[in-house]
Structure formats: structure tokens, C-alpha cells
Amino acid sequence: MAQAQRHTGKFSIVTGASTGIGLELAKNCARDGMDILVVANEPEIEQAAETLRGLGAGQVEALQADLSNEAGVDKLIAAIKGRSIEHLIANAGRGLGDSFLNQDWAAAKYVVQTNITGTLYLIHELARRMVDAGTGRILITGSIAGFMPGSYQAVYNGTKAFLDSFSYALREEIKDSGVTVTCLMPGATETEFFERADMMDTKIGQEKKMDPAEVAKQGYDAMLAGDGQVVTGWKNKMQVAMSHVMPAEQLAKQHTKEAAPGTAKH
Ligand SMILES: NC(=O)c1ccc[n+]([C@@H]2O[C@H](COP(=O)([O-])OP(=O)(O)OC[C@H]3O[C@@H](n4cnc5c(N)ncnc54)[C@H](OP(=O)(O)O)[C@@H]3O)[C@@H](O)[C@H]2O)c1
């Protein structure tokens, strides 16, 4: 009963919520008593929903949908059933290691379609509704990777440069609408990301990374505050500062040392 009183009746959508940063973002929504729709491509999203129910969330629904294409995003939109949206957390994304020319084209295209096309279509459809309602918070998971040419992860870094930039542009365009746009820019974070990107033989894949719960908390708080962006952690803040002064060629060289296959051994 005490738990029921904490329910806000307000509604959060979190994509890529089955693991990692997305699951931790959804936990923040749960602790705030939100109704939540969590979405991911694999059946593990059901377990995530169960976890959230145990944290004091309102109604929690899990949806399996491939958000790399319009049909998958349309499935998500149908599941909203016209409810007004308080938080739209567009977090689903994936990486891909190795040199561009060694990458399988279908895998590289899937990264672009998930990180850019699906994310844009989702926001295009739902931000309009939020603007019409005159309220709500949008959080986009970009990355500090967007500030540097990502040798041996070239497509991924490009997608994050797109999202980092897009986030600020949309924020400006709708600044008087009552809807805010925040970009969460993590650096390397301890999730399944590097394994899924086949980067476990790289330095960045093996090095100590930030706790996803801490990253998500910083992103969630920035979203609630309506901030434009948050770069998580002081090391990442320093890396971003460096990226503003170092020539792109140097940044690309540096990225090779972290992300090229085999760098984990040195
Ligand atoms: N980890 C890092 O170092 C880091 C740093 C900066 C930014 N980020 C960003 O943080 C976000 C979350 O990544 P993470 O690190 O938490 O990795 P993660 O543990 O691999 O989580 C990725 C989430 O996205 C979902 N997803 C991926 N492709 C999807 C698709 N086509 N359709 C639906 N869901 C999809 C995954 O679900 P399924 O398993 O069901 O596909 C999973 O829930 C990503 O946007 C990533 O680019 C991560």
C-alpha cells in the first residue's frame, strides 16, 4: 500500500533497457514510481521488467522490438496506447570493432540503423506528441566517442557524433515548448557493449570502466534538471577537453591504441 502511494501515474519509455546503462536508467524511473515501458530486441527484456517491478515502479511493460527499423519502432509506438509521455529515454545502441574494411557490411549497417535511423524515427514520432502536450523530458544516449574519430570503431563513433550533434540541435529547436532534450555522454562503461562489439581483445575492451549505475544516475539527474548534456566522470571530461584542442589526426592515432584488435596484449 505504501508503495502504491509513491506511484506517480506518469509514464517513462526506456529503449535498450535489458542490460547496461539502459537497465540502470530504467531503475531510476522505477524508484521514482513511474509507469515504464522497457524495450529491447531480445527476450531478456522480460527479466529487466521483473527487476523494475521489485523496485517500486508503477505499471511495467516489456516489449521486444528491433529498433533498427521503422516496423520495430511502430511496435513501440503502438504499445504506448496514446498515453502521454513524461520521459523518453532513447538509449538503445550498439558498437562494432575492427577496421572499417574488415567489418561485415550488414553489421556496420545495423549499427547505423539502430543508433541513428531507429533513434531518429522514434524521436521524430514521439517528440511531436510531447511538444503538443507541452511537457516532458527527452534523454538521448550519445557518447564522448562522438568527439573523436574512432579508428577501429569508425562507424560507431560516427553515429555517436551524429547523436551528440542532433541532440543539441533538437534542444534548440524546441526550447520554448516545455520539452527538454538532454544528451548523456558516457565514456567507457562496464556493460556488455564491448563483448557485443567483438572488442574484448582491445585495450579499451579490457580496461577498468565506469559503473553503469553511476553513469545512469548522472544521466537521469541531468535529464530531470533539463540540462543540455552530461559527460560522465572527470576522466571523460578531461578526454573531451583534450579532444577540443588536439588535431583530429592525433585523436585518430590515439584511438587506434585503445581500440585496434590485439591492443589488449600490450
Ligand atoms: N558501454 C559503453 O562504454 C558506452 C559508452 C558510451 C555510450 N554508450 C551507449 O550506451 C547505450 C547503452 O549501451 P550499453 O553500454 O548499456 O550496452 P549494452 O549492455 O550492450 O546495452 C545495449 C542495449 O541496447 C539494446 N539494443 C541494441 N540494439 C538494439 C536494437 N536493434 N533494437 C532494440 N534494442 C537494441 C540491447 O538489447 P538487445 O540485447 O535486446 O539487443 C541492450 O538492451 C548505447 O547507446 C551505447 O552506444 C555505451
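Residues numbered from 1 in each chain as written. Predicted model: local features only at pLDDT ≥ 70, side-chain atom pairs only at ≥ 80, totals over all residues. Heavy atoms only, no water.

Peer 1: A description of the overall build of the chain should follow, citing residues and the corresponding values.
Peer 2: When helices and strands are counted, the chain shows 11 helices and 7 strands. Scaling as 2.2 N^0.38, a compact globule of 266 residues should have a C-alpha radius of gyration of about 18 Å, and the chain matches this with 18 Å. Summarising its shape, the C-alpha atoms of the chain cover approximately 55 × 40 × 35 Å along the three principal directions. The buried share of the chain, taken over its 266 residues, is 52%. A separation threshold of at least 6 residues defines the contact pool for the chain, and within that pool the share at least 24 residues apart is 71%. Carbon and sulfur atoms form 53% of the exposed surface of the chain, whose accessible area is close to 12,400 Å². (Helix = DSSP H or I, 4+ residues; strand = E, 2+ residues; numbered from the N terminus. Rg over C-alpha atoms; globule rule 2.2 N^0.38 Å. Buried < 20%, exposed > 50% of the residue type's maximum accessible area, 1.4 Å probe, protein only. Contact = heavy atoms within 4.5 Å. Areas by Shrake-Rupley, 256 points an atom, 1.4 Å probe, with all protein chains shown as cover.)

Peer 1: Give a detailed account of the packing of helix H2 (residues 20-31) against helix H3 (residues 45-53), specifying residues and quantitative values.
Peer 2: The angle between the axes and the distance between the axes are what describe a pair of packed helices. Running from amino to carboxyl end, H2 crosses H3 at an angle of 30°, the nearest separation of the two axes being 9 Å. The orientation of H2 with respect to H3, classified from their angle, is roughly parallel. Judged by the twist between their axes, the crossing of H2 over H3 is right-handed. Facing Leu23, Ala26, Lys27 and Ala30 of H2, the residues of H3 in contact are Ala48, Thr51 and Leu52. The class makeup of the residues in the contact of H2 with H3 is 5 nonpolar, 1 polar and 1 charged. (Axes fitted to C-alpha atoms, helices over the stretch in contact; angles between N-to-C directions. Parallel < 35°, antiparallel > 145°, perpendicular 65-115°, else oblique. Left-handed = near helix turned anticlockwise from the far one by under 90°. Nonpolar A, V, L, I, M, F, W, Y, C, P; charged D, E, K, R; others polar.)

Peer 1: Account for the site of the ligand, with residues named and values stated.
Peer 2: Taken together, 33 residues lie near the ligand, and Ser18, Glu42, Arg94, Tyr156 and Thr191 sit nearest. Measuring from a nitrogen atom of the ligand, one finds a side-chain N or O atom of threonine 114 at 3.3 Å. Compared with its free state, where it exposes 880 Å², the ligand has 98% of that area covered by protein. Looking at the shell around the ligand, the elements that each hand over two or more residues are H2, helix H5 (105-133), helix H6 (154-173) and helix H7 (193-196). With 3 residues, H7 is the single largest residue contributor to the shell around the ligand. When the residues that make up the shell around the ligand are grouped by side-chain class, the tally is 12 nonpolar, 15 polar and 6 charged. (Near = heavy atom within 4 Å. Polar contact = N/O pair within 3.5 Å; in protein donor to acceptor, adjacent residues only side chain to side chain.)

Peer 1: I'd like to hear about the packing of H5 against H6, residue by residue, with values.
Peer 2: At a closest axis distance of 9 Å, the pairing of H5 and H6 adopts a crossing angle of 10°. It follows that H5 is roughly parallel to H6 by the angle criterion. Along this stretch, H5 crosses H6, giving a crossing that reads as right-handed. Contacts from Ala108, Val111, Val112, Asn115, Ile116, Thr119, Leu120 and Ile123 in H5 reach Val155, Tyr156, Thr159, Lys160, Phe162, Leu163, Phe166 and Leu170 in H6. Of the residues that constitute the contact of H5 with H6, the class distribution is 12 nonpolar, 3 polar and 1 charged.

Peer 1: How would you explain the side chain of serine 151 if you had to name every residue and give the values?
Peer 2: Positionally, serine 151 belongs in the loop between strand E5 (136-141) and H6. In this structure the side chain of serine 151 is engaged in a polar contact, spanning 2.6 Å, whose partner is the backbone oxygen of alanine 252. For serine 151, the contacting residues outside a window of four places in its chain are Ala252, His255, Thr256 and Ala259.

Peer 1: Quick rundown of the pairing of strand E4 (residues 87-90)? Include the residues and the values.
Peer 2: What you see with E4 is no split at all: His87 and Ile89 on one side and Leu88 and Ala90 on the other are buried throughout. When E4 meets E5, the two strands line up parallel, connected through 4 bridges. Looking across to E5, one finds that histidine 87 is bridged to arginine 137. After leaving E4, the chain enters H5 and then returns to the sheet as E5, a path that is right-handed. (Pairing = 2+ DSSP bridges. Right-handed = clockwise from strand over helix to strand, strands pointing away.)

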